Amino acid sequence: MSSPDIRQMANAIRFLSLDAIERASEGHPGAPLGCAEIATVLFTRHLKCNPKDPEWPDRDRFVLSNGHGSMLLYSLLHLSGYEKITIEEIKRFRELGSHCHGHPEFAPDVGIEVTTGPLGQGIANAVGMAVAEARLSQWFGPGIIDHYTYALVGDGCLMEGVAHEIISLAGHLQLGKLVFFWDDNRITDDGGTDMSISEDVRARFQIAGWQVIDADGHDPDAIDAAITLAKTDPRPSMIACRTIIGKGLARLQGQRGAHGGRVFKEDTDAARRDLDWPHAPFLVPDPIRSAWHDGVSGRNQPVYDAWERRVAALPDEQQRLFKRVMAGRLPEGWQSVLVDYKRRMAELQPTQRTINSSAEISGLLADAIPELLTGAPDLQGPTNHKQHLGAFTAKDHSGRYIHYGIREHAMGSMMNGMAAHGGAVPVGATYLAFSDYERPALRMAALMGLPVISVFSHDSIGIGKNGPTHQPVEILASLRAMPNMLVLRPADSIEAAECWEMALASRGGPSCLVFTHQPVPTVRTRHTDENLSRRGAYVLVEAEGGARRATLLASGSEVAIALAAKVTLEERGIPTAVVSMPCWSAFDEQDESYRHGVLGIGTIRVAVEAAVRLGWDRYIGENGAFVGMSSFGASGPSGELFRHFGITPEAVVAEVLRRL
């Protein structure tokens, strides 16, 4: 065949996608077919990448936010030369064990930057990536970090609430290396977009401070010109690409059925005739493969080689720092500040809010870990995790504290993007009751195994007069139910430091650090360098006056209640141990002997926590008791609320006595 033009290169995407979807008997053909030209122009003329080094730190990031169109991404990666996306993997689309999942799943070594599927998450991740790039570029210089973040976005992503949050914030922060491609096909799964929206999408971006560019999504030269223009503007850019959903699939193109409709062999045969593609299924002619290679690897290899020379020319200390930060390794000795803090708290034995302890700790860690970035959704004062850090702003991208505004969902999803990008340890602080606004982002962090740290304050009825809207009772249980989520609820300042250490050491998944608004006493009065919380639960105070007969289990602020109950029980001649349980999942990983020893199998066990009972029964056993919440809270002073709901030392004592 003659030298292929870019439309034939785009058709390679179309037919790899069609053949895989037809073979799998399911999939979403609309986006791969409708966006083939957009993706081809981006990857072969603009995207900075190296398929031989998929995790190149200075690569451009590409996020397929409308993840249901996953075959677009897999076709792109295969044609670009990413070695793990072979033609055999393409043939195994949607089969167990294939890299080509139904929706893209985080695998940067494969070329997949983030998991997408829940609409809106991908574009929010992209904004977080752009923040990480901007901060790293300021830190290490544009000769080392200088790349773009591109995201392909459909109408569904833009309708989700998180889109409103991130469009506004990205424009406010002037993230000029962020480019969205809007797949403006005017179709959703239900039908035309005019069934559900009538707003001017372009104007929505413009008033948020974005550059908006129109382009014919099937005209390669128009797309090329639009991307080039986007790179010249200091604002983030949205390229509105007018497209036809399912273009090339005659039976369905331009219709709602193209979104996720079944593709049959008759459809692929017809498409081959209509698009003059006489090649067998899964066959891409060598000239087209060569054109893809030249456009991706050939174009980028000199850029990659020059970047490697610049890194090699860095001073040794700066080079080591850069490589450590981008590899996600924390600096040597970072734990020492936590040990020192524990020692000081054991001496001072303060009675203070654990959210204040967390703020103190984060300030110390910010000095020890320069890649740590914090932020909050308009809660800088109540959470105080800004400490001495400067703000990340439109004019100063070197800041390490992000003012998210009242946008919890954006914060959670952007933190995922920062962690996926690399070079950042993201921390976000808000109230525990507002974690529900972040729920999709928390779940995606756990699914991707991203080391994101969420700090939650105001963890119970202990917040007092703000009332039940702000008093979470069920949320601890729901977070603990999430796979691969480390949930930590420390009892005092010392456990707070230990839980922070656990969160930072957990590089294979996210952590939720849960803190009190009300002051709590120091319950650990002896210093030890050892992290006692590391095993999830431990005997805080052993029984005195004989063999243990009762075991009181608690987390957070209720550990103090358990300690007070122990005093009364032992005055009555009942030897009682108190167990602090800051992290259930870590405790569950311990060996049976340790777990049984801590729980006091054979003793009367009572758990106390200002939350619902769900989950506690596996620790207290059939004859155990629970002192806690069984309803939502109420408005009133903290102390009165604990008495009103029966979460008191007296109630714990009564439950033990009832079982003797």
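Scope of this entry: the structure provided in the associated data block. All of these numbers come straight from a predicted model, not from anything done at the bench. (Residues numbered from 1 in each chain as written. Predicted model: local features only at pLDDT ≥ 70, side-chain atom pairs only at ≥ 80, totals over all residues. Heavy atoms only, no water.)

1. Things to note about the overall build of the protein
- Each helix and strand in the protein was counted, giving 26 helices and 20 strands.
- For 660 residues, the compact-globule formula gives about 26 Å, and the C-alpha radius of gyration of the protein, at 28 Å, lands near that figure.
- For the C-alpha atoms alone, the extent of the protein along its principal axes is close to 95 × 55 × 45 Å.
- Counting the 660 residues in the protein, one finds 62% classified as buried.
- Counting only contacts in the protein whose residues sit at least 6 apart along the sequence, the fraction spanning at least 24 positions is 77%.
- About 24100 Å² of surface is accessible on the protein, with carbon and sulfur atoms providing 49% of the total.
- Across the protein, the 64 positively charged side chains and the 79 negatively charged ones have centroids separated by 2 Å. (Helix = DSSP H or I, 4+ residues; strand = E, 2+ residues; numbered from the N terminus. Rg over C-alpha atoms; globule rule 2.2 N^0.38 Å. Buried < 20%, exposed > 50% of the residue type's maximum accessible area, 1.4 Å probe, protein only. Contact = heavy atoms within 4.5 Å. Areas by Shrake-Rupley, 256 points an atom, 1.4 Å probe, with all protein chains shown as cover. Lys, Arg positive; Asp, Glu negative; His and termini not counted. Charge placed at Lys NZ, Arg CZ, Asp CG, Glu CD.)

2. Quick look at the sheet that holds strand β2 (residues 149-153)
- Reading across the sheet, the five strands line up as β1-β2-β3-β7-β6 and stay open at both edges, with parallel pairing between neighbours. Each end of this open sheet is capped by a strand with a single partner; those strands are β1 (61-64) and β6 (211-216). In this sheet, adjacent strand axes meet at a mean angle of 20° when their direction is disregarded.
- Where β1 lies against β2, four bridges are found, and the strand directions are parallel. Among the inter-strand pairings, F62 is bridged to a residue of β2, identified as Y150.
- Helix-sheet contacts for helix α4 (residues 70-80) involve β1 and β2, and the interaxial angle to β1 is about 150°. (Pairing = 2+ DSSP bridges. Axes fitted to C-alpha atoms, helices over the stretch in contact; angles between N-to-C directions.)

3. Quick word on the nonpolar core
- Residues F62, Y150, F181, I239 and W292 are the most contacted members of the largest nonpolar core, which totals 64 residues.
- In this structure, W292 is in contact with M9, A12, I13, T40, F43, T44, L76, L79 and S80, ignoring residues within four places of it in sequence. (Core = buried A, V, L, I, M, F, W, Y, C linked by side-chain atoms within 4.5 Å.)

4. Some thoughts on the packing of aromatic side chains
- Scanning the entire structure with this criterion turns up 22 aromatic pairs.
- A ring pair is formed by W56 and Y304, whose centres lie 4.9 Å apart and whose planes are at 85°; its orientation type is edge-to-face. Of the two residues, W56 sits in the loop between α3 (36-46) and β1 while Y304 sits in helix α12 (residues 286-312), which places them 248 residues apart along the sequence.
- Among the residues examined, Y304 registers a relative accessible area of 9% and is labelled buried. (Phe/Tyr/Trp six-rings, centres within 6.5 Å; stacked < 30°, edge-to-face > 60°.)

5. Considerations on the sheet that holds strand β17 (residues 550-554)
- Sheet architecture is open: five strands sit in the order β16-β18-β17-β19-β20, paired in mixed fashion. The strands lining the two open edges of the sheet, one partner per strand, are β16 (538-541) and β20 (625-628). When strand polarity is set aside, the average angle formed by the axes of neighbouring strands in this sheet is 30°.
- Note: β17 against strand β19 (residues 604-609), five bridges, orientation parallel. Bridge assignment links L552 to a residue of β19, and that residue is V606.

6. Quick notes on empty space enclosed by the protein
- Under the defined criterion, the tally for this structure stands at five cavities of 30 Å³ or more.
- What the largest cavity holds in volume is close to 90 Å³.
- Taken together, 13 residues make up the lining of the largest cavity; nearest its centre are L47, D60, Y82, G111 and E113.
- Put simply, the parts of the chain that give the lining of the largest cavity at least two residues each are β1 and α4.
- Broken down by class, the residue content of the lining of the largest cavity amounts to eight nonpolar, one polar and four charged. (1 Å grid on protein atoms, 1.4 Å probe; cavity = no way out; pocket = protein on both sides within 12 Å on 5 of 7 lines; lining within 4 Å. Points joined across faces, edges and corners; volume = space filled by probe spheres on them. Nonpolar A, V, L, I, M, F, W, Y, C, P; charged D, E, K, R; others polar.)

7. Some thoughts on helix α15 (residues 354-368)
- Compared with the 21 Å implied by 1.5 Å per residue over 15 residues, the 21 Å span of α15 between its first and last C-alpha is a close match.
- Of the residues making up α15, those classed as buried are T354, I355, S357, S358, A359, I361, S362, G363, L365 and A366. (Expected span 1.5 Å × (residues − 1).)

8. What about the environment of M482?
- Take M482: it is sitting in the loop between α19 (475-480) and β13 (486-488).
- Its relative accessible area of 12% is what places M482 among the buried residues.
- Measuring from C-alpha to C-alpha, the distance between M482 and R443 comes to 7.3 Å, with 39 residues separating the pair along the chain.

9. Quick look at unusual backbone geometry
- Of note, the phi angle at D276 is positive, near 55°, even though the residue is not glycine.
- With respect to the element layout, D276 can be found in the loop between α11 (265-274) and α12.
- Its identity is not glycine, yet Q349 carries a phi of approximately 50°, on the positive side.
- Within the fold, Q349 resides in the loop between α14 (336-348) and β8 (352-353).

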